[in-house]
Amino acid sequence: MHDADLIAQLLRLLAAGLLLISFAMLSRRRTQRLITLYAWQGAILFLSTCLVAYGEGLRELYYSAALTLILKVILLPWILHRLIHRLGAQWDSEPLVNIPATMLVGLVLVIFAFGLAQPISMLATTITRHTIGIALAVILLSFMMMITRRKAMTQVIGFLAMENGLFFAATSTTYGMPMVIELGIALDMLVAVFILGIFFFQIREQFDSLDLHHLEKLRED
Amino acid sequence: MDLLLVLGIPFAGTLVLAFVGARRYAAELNIGFSLATLLAVALLALRMVRSGPLLLWREQFYLDSFNVFLVVLTAFVGFTTTVFSRPYMRVEAQHGRVNARRLRLYHSMYQLFMGAMLLALLTNNMGLLWVAMEAATLSTILLVSLYRTKASLEASWKYFILCGVGIAQALFGTILLYFAAEHILGQQGMTALLWTHLNAVRGQLEPRVLGLAFVFLLIGYGTKVGLAPLHNWLPDAHAEGPAPVSAVLSGLLLNVALYAVLRCKVLVEGSIGAALPGRMLMAFGLLSALLGALFLWRQRDIKRLFAYSSIEHMGIITFAFGLGGPIANFAALLHMTVHSLTKSSLFFTAGHASQSAGTQRMDGIRGLASSRPALGWGLMLGSVAILGMPPFGIFASEFLILTTAIQEHPWATPFLLLTLGIAFAGIFSKVQPMVFGDGAAPKVQHAPSLAPVFVHLGMVLALGLYIPPALAACYTAAARLIG
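All figures in this text were calculated on a predicted structure; none of them were measured in a lab.

> So, the overall build of chain B: which residues are in play, and what are the values?
Counting its secondary structure elements, chain B contains 19 helices and two strands. On the principal axes, the C-alpha backbone points of chain B span a range of 65 × 55 × 40 Å. Across the 483 residues that make up chain B, the buried fraction comes to 62%. Contacts in chain B between residues at least 24 apart in sequence constitute 82% of all its contacts with a sequence separation of at least 6.

Have a look at this one:
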């Protein structure tokens with residue numbers, strides 16, 4: 001019993017860490033830092049999935065934890081790092097407008113997420129049910145990052161972080177989706193990053209920059 | 001076996017065409033794979049018609065009266081589009097808009113796209129449905145950006161971001177669905193995400209969770225249907241990609257996304273009991289129809305014009321499904337079919353017209369009827385059909401939708417009439433000078449294959465005059481299922 005309590009406490013701690021990283025992402029300017037933060041997010045997901053698997057004795061979850069470790073902590077960050085090196089964009093930073101305001105909006109989003117997650121948490125029977133609000137908050141914060149940032153790379157990291165939030169939501173509400181679905185999602189993510197990698201080079205070739213300010217020609221006239 | 005063929009041929013085609021590259025026979029091979037898929041689909045559909053709904057491969061795949069006609073339609077339009085695309089892409093290559101490598105990408109991704117759509121339609125697993133929708137999105141991103149121009153890169157980036165975000169919402173909705181199902185069905189393997197199982201216990205699913213799930217699923221898949229205000233990606237993606245891609249995007253992908261929304265709606269309505277999902281569909285549908293029609297007026301690009309027309313029509317269809325009941329659902333299913341056929345034929349003619357005129361701007365395209373009669377009349381007849389003029393099938397479906405709306409929700413009628421009126425004036429006033437105005441469109445090196453245009457329009461005409469009993473039975477059963 002004591003053991004289960006400890007695990008639940010640790011899980012909440014990890015969830016809090018996940019939320020903190022999402023906020024850090026909102027305030028970081030350097031692309032390279034964002035990738036590191038993304039890898040950390042993956043690491044936390046890996047740890048929390050392992051903990052749940054251990055606490056509840058679910059073997060299937062170990063596989064999905066391993067998948068997380070390989071894909072989100074090692075493979076994707078490595079691909080992203082290589083990409084920005086080849087693009088020569090590792091020192092890129094972007095001007096952020098008004099970090100305090102962004103943070104405040106982020107806080108409101110977190111409160112909203114907790115409100116939205118309340119009924120689900122009450123129905124859930126998992127030991128992670130209290131972290132559903134955090135998962136939803138991570139999704140919304142990443143969503144906000146995608147909207148407010150103007151660099152192609154940052155938007156992609158926002159997209160990937162959102163998927164992390166979704167993965168966390170799946171583990172907190174139901175101990176993860178069936179394995180086949182998780183494999184499918186992982187494959188889709190990997191393909192998405194490959195495609196976008198090709199895309200970056202083309203965008204830079206055409207626009208001489210990865211700044212999306214240039215991509216605003218197609219407007220309604 | 002037939003299912004294996006249906007799914008296996010497009011994916012095999014993806015690989016084979018990736019190796020064949022830009023050899024001379026690549027386009028013919030593309031046609032061959034699509035024809036083989038169509039034949040396999042026909043076999044599968046015949047089996048379903050003979051023996052009723054099919055559950056295949058440990059219940060992972062499901063074919064009932066709702067998806068059977070969509071599967072056939074997808075394979076059919078997929079095939080005719082490859083026929084049109086053969087001379088079209090050859091001319092594009094001669095104009096230097098695509099090189100050998102991109103042509104290889106085009107053929108390979110086209111097959112992958114078809115495979116992903118067929119998988120999405122046939123799967124019984126709501127999670128796999130999501131994976132297939134995402135795969136369809138990813139393959140079309142590469143198709144939209146095929147020309148690698150600034151505008152096409154921008155369009156496909158917008159497409160990726162908007163649909164990526166949208167489809168992430170749908171994943172959250174799917175997670176919530178699984179969460180609700182798991183309480184009833186337990187975690188035994190994969191059954192908790194199987195639509196047939198969910199449908200069997202839909203009355204017991206927790207209403208609050210399903211209500212929330214539906215909001216996410218509707219926003220998520222609705223983005224791909226092109227429902228306003230999430231429609232921004234649609235005109236850009238349609239205008240900047242090659243014409244065959246616009247045809248399959250508009251004619252097929254939007255239908256598949258709407259299909260996903262409707263499968264969810266059936267479950268949610270069974271759980272909540274109230275008419276909330278229907279109301280939401282009506283609101284989104286009416287807004288999209290009205291906005292699509294209004295924006296039609298401001299377009300100068302021929303493909304954007306028809307893209308907005310797609311938003312309008314998807315809005316009308318969504319509205320009709322929101323109305324519910326046997327007649328409105330029947331009309332909406334018919335409308336899905338005829339819109340798909342008409343809109344793909346319009347993109348064929350629009351694509352070829354802009355190819356020979358050398359511009360997609362409508363003021364640069366003139367006098368098609370005198371210089372290129374088949375092309376001009378194809379465009380004119382297609383426009384008349386899409387505007388819902390009597391002998392064509394769209395008239396029948398729009399008439400049914402309108403009369404049902406008058407009976408059940410009279411307040412919506414003026415909006416619907418306004419939409420149809422604005423769209424009519426907008427499209428007609430823009431197409432008329434292109435077809436009958438002064439000027440001439442030069443010929444291109446390769447004769448276009450316009451047969452698909454007239455085959456599609458002939459089918460739309462036939463469906464307006466007479467719906468075969470087998471198809472009518474299929475629509476009726478599906479309408480009852482959707483509720």
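Having seen the model, we can carry on.
> Summarise the overall build of chain A; cite the residues concerned and give the values.
Broken down by element type, chain A carries seven helices and zero strands. Reading the helices (α) and strands (β) of chain A from amino to carboxyl end gives α-α-α-α-α-α-α. On C-alpha atoms alone, chain A measures out to a radius of gyration of 18 Å, which is about the 17 Å that the 2.2 N^0.38 rule sets for 221 residues. Across its three principal directions, the C-alpha atoms of chain A cover 60 × 35 × 35 Å. A burial count over chain A gives 43% of its 221 residues as buried. In chain A, of all internal contacts separated by at least 6 residues, the share reaching a separation of at least 24 is 75%.

> Provide a residue-level description of the interface of chain A and chain B, including the pertinent values.
Contacts between the two partners involve 33 residues from chain A, matched on the other side by 33 residues from chain B. For the side of chain A that touches chain B, the secondary-structure elements that each account for two or more residues are helix 4 (99-123), helix 5 (132-148), helix 6 (152-174) and helix 7 (179-207) of chain A. Of all the elements, helix 7 of chain A adds the most residues to the side of chain A that touches chain B, at twelve residues. Looking at the side of chain A that touches chain B residue by residue, the class counts come to 23 nonpolar, six polar and four charged.

> Could you give an account of helix 18 (residues 451-465) of chain B, with specific residues and numbers?
All names here are of chain B. For helix 18, built from 15 residues, the straight-helix expectation of 21 Å at 1.5 Å per residue is met to within 8% by its first-to-last C-alpha distance of 21 Å. By the burial criterion, the buried members of helix 18 are Pro452, Val453, His456, Leu457, Val460, Leu463 and Gly464. Looking down the long axis of helix 18, one finds its buried residues gathered within 130° of arc, a one-sided arrangement. Each element contacted by the buried residues of helix 18 is listed here: helix 3 (65-94), helix 13 (325-357), helix 15 (373-386) and helix 16 (393-408).

> If you had to explain the nonpolar core to someone new, which residues and values would you point to?
It is characteristic of soluble globular proteins that their nonpolar side chains tend to be buried jointly. Residues and elements named next belong to chain B. Met117 and Ala120 are the most contacted members of the largest nonpolar core, which has 252 residues in total. The element that contributes the greatest number of residues to this core is helix 6 (residues 150-185), accounting for 21 residues. If we skip the residues at most four places from it in the chain, Ala120 touches Leu129, Ala132, Met133, Ala136, Val256 and Ala260.

> Give a description of unusual backbone geometry that names residues and reports values.
In this model, Ala228 of chain B is joined to Pro229 of chain B through a cis peptide bond whose omega is 0°. Inspection of the secondary structure puts Pro229 of chain B in the loop between helix 8 (207-225) and helix 9 (233-240). With a phi close to 60°, Tyr175 of chain A is a non-glycine residue in the positive phi region. You can see Tyr175 of chain A is positioned in the loop between helix 6 and helix 7. Overall, Tyr175 of chain A belongs to the buried group, with 21 C-beta atoms counted inside 10 Å. Even without glycine at this site, Arg148 of chain B takes up a positive phi of about 55°. Judged by C-beta crowding, with 16 C-beta atoms within 10 Å, Arg148 of chain B ranks as partly exposed.

> Mind laying out the environment of Ala65 of chain A, listing which residues take part and the relevant values?
Residue and element names in this part refer to chain A. Along the chain, Ala65 falls in helix 3 (residues 59-86). When the C-alpha positions of Ala65 and Leu6 are compared, they lie 20 Å apart, and in sequence the two are 59 residues distant. For Ala65, the residues in contact, after removing those within four places along its chain, are Phe46, Thr49, Cys50 and Ala53.

> Give a detailed account of the packing of helix 2 (residues 26-51) of chain B against helix 3 of chain B, specifying residues and quantitative values.
Residues and elements named next belong to chain B. For the pair helix 2 and helix 3, interaxial distance at closest approach is 9 Å and the crossing angle is 165°. The orientation of helix 2 relative to helix 3 falls into the category roughly antiparallel. In the crossing of helix 2 with helix 3, the sense of the turn from one axis to the other is left-handed. Packed against helix 2, whose contacting residues are Ala27, Asn30, Ile31, Ser34, Leu35, Thr37, Leu38, Val41, Ala45 and Met48, the element helix 3 presents Val68, Val71, Val72, Ala75, Phe76, Gly78, Phe79, Thr82, Val83, Arg86 and Met89 at the interface. Of the residues contributing to the contact of helix 2 with helix 3, the split by class is 15 nonpolar, five polar and one charged.

> I'd like to hear about the environment of Thr342 of chain B, residue by residue, with values.
Residue and element names in this part refer to chain B. Along the chain, Thr342 turns up in helix 13. Separated by 118 residues in the primary sequence, Thr342 and Val460 place their C-alpha atoms 6.9 Å from one another. What Thr342 contacts, discounting residues up to four positions off in sequence, is Gly382, Ala385, Ile386, Ile394, His456 and Val460.

> Any details on helix 5 of chain A? Residues and values, ideally.
Its 17 residues place the ends of helix 5 of chain A 25 Å apart at the C-alpha level, agreeing with the 24 Å of an ideal helix rising 1.5 Å per residue. Helix 5 of chain A sits mainly inside the fold: 13 of its 17 residues count as buried.

> Break down the packing of helix 6 of chain A against helix 6 of chain B for me, citing the residues and quoting the values.
Where helix 6 of chain A meets helix 6 of chain B, the axes come as close as 10 Å, and the angle between the chain directions of the two elements is 5°. Here helix 6 of chain A lies roughly parallel to helix 6 of chain B, going by the angle between them. Contact residues: Gln155, Phe159, Met162, Glu163, Leu166, Ala169, Ala170, Thr173 and Thr174 of chain A in helix 6 of chain A; Ile161, Gly164, Ala168, Leu171, Phe172, Ile175, Tyr178, Phe179 and Glu182 of chain B in helix 6 of chain B. Classifying every residue of the contact of helix 6 of chain A with helix 6 of chain B by side-chain character gives twelve nonpolar, four polar and two charged.

> Residue-level account of the confidence of the model for chain B, with values.
Mean pLDDT over chain B stands at 92; residues scoring 70 or higher make up 99%. Overall fold confidence for the complex sits at a pTM of 0.94, while the interface term, ipTM, reaches 0.91.

Cut-off values and rules
Residues numbered from 1 in each chain as written. Chains lettered and ligands numbered in written order. Predicted model: local features only at pLDDT ≥ 70, side-chain atom pairs only at ≥ 80, totals over all residues. Helix = DSSP H or I, 4+ residues; strand = E, 2+ residues; numbered from the N terminus. Buried ≥ 20, exposed ≤ 12 C-beta atoms within 10 Å, placed from the backbone. Contact = placed C-beta atoms within 7 Å. Rg over C-alpha atoms; globule rule 2.2 N^0.38 Å. Nonpolar A, V, L, I, M, F, W, Y, C, P; charged D, E, K, R; others polar. Expected span 1.5 Å × (residues − 1). Arc of directions from axis to C-beta. Core = buried A, V, L, I, M, F, W, Y, C linked by C-beta atoms within 7 Å. Axes fitted to C-alpha atoms, helices over the stretch in contact; angles between N-to-C directions. Parallel < 35°, antiparallel > 145°, perpendicular 65-115°, else oblique. Left-handed = near helix turned anticlockwise from the far one by under 90°. pLDDT = per-residue confidence, 0-100.

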